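# Structure at a glance
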Amino acid sequence: MGRDVDSGGEQVVVVGAGPVGLWLAAELRLGGVSVTVLETREERNPHSKALTVHPRTIEILASRGVAEAFLAEGGRIPSGHFGGLTDRMDFGALDTPYPFTLALPQARTEELLEEYALSAGARIRRGHRVTGLLRQRDSVSVRTEGPDGPYELRAAYVVGCDGTRSVVRDAAGIGFPGTDVTTWGWLGDVVLDSPPEGPGLNVSTTEGGLMAVPLPGGIHRFVGIARDDVRAEPPGALTLEELRAKVVRITGDDFGMRDPVWLSRFGNATRQAARYRSGRVLLAGDAAHMHFPTGGVGLNVGVQDATNLGWKLAAVVAGGAPDGLLDGYHDERHPVGADLLESTRAQTALMTAFTPEGQALREVLSTLIATRPEFSRDLAERLSGLAVAYPPAPSVPAHSLTGRRAPDLALAGGDGGSGTGLFALLRNGRHILLDLTGDSTGDSTGGFTGELEWLTADPVRRLTVHSAPLSAPHSDWSGVRAALIRPDGHVAWASAEPDDEALLGAVRETLAAVPR
């Protein structure tokens, strides 16, 4: 059979319609890029691997004006676990409007993200399986098996968001080094006639460890590792009888489990793509990093990958930014992926610490979380994604804020108008130049904004200027007079220069140096 070529083509093709691919598609549309998402499955997977949306991800959703639907449906949990330790990290101490995780099944998260991507103008083709890539100098042809037969879809860039077994990654020849499985976890969504009291169950003994949480629809999820699961050999399919036996061995009770909805196993193979970019092919999410699913971080790191990549790719494709901007995606996100793998490996070690000595280690660390607020907060910032900071660009003078995530700063209204938060300003997906030189009434007289009318009048510059001071103090931002915030919410540049003329010169130099 011949292979048709889609004559229309696309600026970007995203492979995979999971949360990462859908969010990336929406980000690209926000940047004015045409995008098609190709997905093998004809229907959305009804089983939810992930259940957790972390604070930084909620901030990102809020920065695009779509957080409310998630907040309305997700259960708010003001704490998080590290390695299944008994004492939990207090998220209430975090510097964020969202000091909690949202418990929301992945299937519903994907549904909400798909609605958003479609409303932004993305095209989603389900039942279209990508089989390979053909790379040319100025484009990539995506070889696809669709409902009507094979065809090729040409694009300027292709992004693989197609999971740990990524066809895109393999076709691009990108290595995926790491370690093989040494431990098998299990998951069971079941009906319980006698569910545990309270919002959840967390048990760790010398026989194994497990957690149980309620899910919508009157079912509970057990997830855990038993002592005999610490092995490299793959076990067979999980049965209800085996799940029951493991739960009884660890807790002494089967809680009247019956009527399984989903039974599954997963291993702790841990790998990371050697490169997140190979020419016109890029990777995000599970296609770029694979790990044991502890702490509920995988989906969140993937969405944050997409947020970092989306504005850069849009700036290159639709805004004329230099192609080298895309190299910064690997430079910034590969270390984050490496930290993710280190964290999940450490948590896996704790979750398989079944010896008396291992149980003692768990107790010591759990006590530190309960009694050392700074230790608990540091772990929480790492797990939630709030601690991520990127290295400053060599072309831009570095302030201590440079590269860090900007909080939802409370800003006075320009010219004395009503105030706003920084996240609301980010909704258009542009860089934000903050002129903080005015007084508390929002009067920016004497500031530099008026000198930039020539710049803001050009929409291609992808820049929004907000001229007003902070309306509420923030310790880390004390003395800051100007800042450039990237579309992903990280600080590109900041300055506390006291001299107005020198500050204006620094602003001009920064805007010339930072690609948008």
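Everything numeric here is computed off the predicted structure, so don't read it as measured data.

### Remarks on the overall build of the chain
Scanning the chain from N- to C-terminus turns up 13 helices and 27 strands. Over its C-alpha trace the chain gives a radius of gyration of 24 Å, about what one expects of a compact globule, namely 24 Å for 516 residues. Taken along the three principal axes of its C-alpha coordinates, the chain extends 70 × 65 × 35 Å. Counting every position in the chain, which comprises 516 residues, the buried fraction comes to 53%. The long-range fraction of contacts in the chain, counting pairs at least 24 apart against all pairs at least 6 apart in sequence, stands at 72%. Put simply, the chain shows about 21100 Å² of open surface, and 51% of that area lies on carbon and sulfur atoms. Measuring between centres, the 49 positive side-chain charges of the chain sit 5 Å from its 64 negative side-chain charges.

### Describing the pattern of salt bridges
Inspection of the entire model under this criterion finds 31 salt bridges. Arg405 is the partner of Glu59 in a salt bridge, and the nearest nitrogen-oxygen pair spans 2.8 Å. Here Glu59 is found in helix α2 (residues 55-62), whereas its partner Arg405 is found in the loop between α10 (373-384) and β22 (410-411), with 346 residues between them in sequence. Its salt-bridge partner being Glu242, residue Lys246 comes within 3.6 Å of it at the nearest N-O pair. Placement of both Lys246 and Glu242 in helix α6 (residues 240-251) is noted, with a separation of 4 residues, approximately one turn of the helix. Under the relative-accessibility criterion, Glu242 is labelled partly exposed at 24%. Salt bridges sharing common partners tie together Glu207, Asp228, Asp229, Glu242, Lys246, Arg249 and Arg265.

### Topic: the pairing of strand β25 (residues 463-467)
Counted residue by residue, β25 has 4 buried out of 5 residues, so it is predominantly covered. Direction of pairing for strand β24 (residues 431-435) relative to β25: parallel, over a ladder of 5 bridges. By the bridge assignment, His431 is partnered in β25 with Leu463.

### Examining the sheet that holds β25
Within the open sheet, the 4 strands sit side by side as β25-β24-β26-β27. Their pairing is mixed. Two strands lie at the open edges of the sheet, namely β25 and β27 (491-495), each paired on one side alone. On average, each strand axis in the sheet is tilted by 10° relative to the strand beside it, whichever way the strands run. Where strand β26 (residues 482-485) meets β27, 4 bridges bridge the pair, whose relative direction is antiparallel. Bridging from a neighbouring strand, Ile485 pairs with Val491 of β27. Against the sheet, helix α13 (residues 500-513) makes contact with β24, β25, β26 and β27, and its axis sits at roughly 165° relative to β27, the strand it touches most.

### Some thoughts on the packing of aromatic side chains
Enumeration over the complete set of coordinates arrives at 5 aromatic pairs. Residues Trp23 and Tyr116 carry aromatic rings whose centres are separated by 5.5 Å and whose planes lie at 35° to one another, so their mutual orientation is tilted. On the criterion of sequence distance, the pair formed by Trp23 in helix α1 (residues 19-30) and Tyr116 in helix α4 (residues 106-120) is long-range, its members being 93 residues apart. Of the two residues, Trp23 and Tyr116, both sit in the buried class. Above the ring of Phe176, the side-chain terminus of Arg169 is found at 3.6 Å from the ring centroid. A cation over a ring is seen here: Arg280 above Tyr157, with NZ or CZ 4.9 Å from the ring centre.

### Considering the confidence of the model for the chain
Confidence along the chain averages 92 in pLDDT terms, with 93% of residues attaining 70 or more. Overall, residues 442-446 carries pLDDT values under 50, and its contacts beyond four positions in sequence, including any with other chains, amount to 12 contacts.

### Brief notes about the side chain of Thr36
Following the sequence through the fold, Thr36 ends up in strand β2 (residues 35-39). A polar contact of 2.6 Å, which involves the side chain of Thr36, links it to the side chain of Glu10.

### A few points about the packing of helix α7 (residues 298-319) against helix α8 (residues 327-351)
For the pair α7 and α8, the least separation of the axes is 10 Å and the interaxial angle reads 175°. Taken as axis vectors, α7 and α8 run roughly antiparallel relative to one another. Packed against α7, whose contacting residues are Val301, Gln304, Asp305, Asn308, Leu309 and Lys312, the element α8 presents Gly328, Tyr329, Glu332, Arg333, Val336 and Leu340 at the interface.

### A few points about the nonpolar core
Counting residues in each nonpolar core, the largest one holds 88 residues, and the members touching the most others are Trp477 and Ile485. For this core, the element with the highest residue contribution is α7, accounting for 9 residues. When sequence neighbours within four positions are dropped, the list of residues in contact with Trp477 reads Leu401, Ala406, Pro407, Leu409, Leu436, Leu470, Ala483, Ile485 and Val491. Formed by 18 residues, the second largest nonpolar core is a distinct cluster that contains Val297, Val301, Val336 and Tyr390.

### Focus: α6
In this model α6 runs 16 Å from its N-terminal to its C-terminal C-alpha over 12 residues, within 8% of the 16 Å that 1.5 Å per residue would give. Leu240, Leu243, Lys246, Val247 and Ile250 are the residues of α6 that are buried. In an axial view of α6, the angular spread of the buried residues amounts to 130°, which keeps them on one side of the axis.

### Quick look at the environment of Glu68
Summarising the element assignment, Glu68 is placed in helix α3 (residues 67-73). Spatially, the C-alpha atoms of Glu68 and Ile58 are 9.4 Å apart, while their sequence positions differ by 10 residues.

### Here's the deal with the sheet that holds strand β12 (residues 178-179)
Pairing in this open sheet of 3 strands is antiparallel, and the strands run β12-β18-β21 from one edge to the other. Strand pairing shows two members of the sheet lacking a second neighbour, β12 and β21 (289-290), which therefore form its edges. As paired strands, β12 and strand β18 (residues 270-272) are joined by 2 bridges and run antiparallel to one another. Bridge assignment links Gly178 to a residue of β18, and that residue is Arg271. Strands β12, β18 and β21 of the sheet are contacted by α8, whose axis makes an angle of about 175° with β18.

### Notes on the side chain of Asn268
Tracing the chain through its elements places Asn268 in the loop between β17 (257-267) and β18. Exposure remark for Asn268: the relative accessible area of 10% places this residue in the buried category. There is a polar contact of 2.7 Å between the side chain of Asn268 and the backbone nitrogen of Thr182. Residues contacting Asn268, with those up to four places away along its chain left out, are Asp180, Val181, Thr182, Thr183, Phe292 and Thr348.

What counts, and at which threshold
- Residues numbered from 1 in each chain as written.
- Predicted model: local features only at pLDDT ≥ 70, side-chain atom pairs only at ≥ 80, totals over all residues.
- Heavy atoms only, no water.
- Helix = DSSP H or I, 4+ residues; strand = E, 2+ residues; numbered from the N terminus.
- Rg over C-alpha atoms; globule rule 2.2 N^0.38 Å.
- Buried < 20%, exposed > 50% of the residue type's maximum accessible area, 1.4 Å probe, protein only.
- Contact = heavy atoms within 4.5 Å.
- Areas by Shrake-Rupley, 256 points an atom, 1.4 Å probe, with all protein chains shown as cover.
- Lys, Arg positive; Asp, Glu negative; His and termini not counted.
- Charge placed at Lys NZ, Arg CZ, Asp CG, Glu CD.
- Salt bridge = Lys/Arg side-chain N within 4 Å of Asp/Glu carboxyl O.
- Pairing = 2+ DSSP bridges.
- Axes fitted to C-alpha atoms, helices over the stretch in contact; angles between N-to-C directions.
- Phe/Tyr/Trp six-rings, centres within 6.5 Å; stacked < 30°, edge-to-face > 60°.
- Lys NZ or Arg CZ within 6 Å of the ring centre and 35° of its normal.
- pLDDT = per-residue confidence, 0-100.
- Polar contact = N/O pair within 3.5 Å; in protein donor to acceptor, adjacent residues only side chain to side chain.
- Parallel < 35°, antiparallel > 145°, perpendicular 65-115°, else oblique.
- Core = buried A, V, L, I, M, F, W, Y, C linked by side-chain atoms within 4.5 Å.
- Expected span 1.5 Å × (residues − 1).
- Arc of directions from axis to C-beta.

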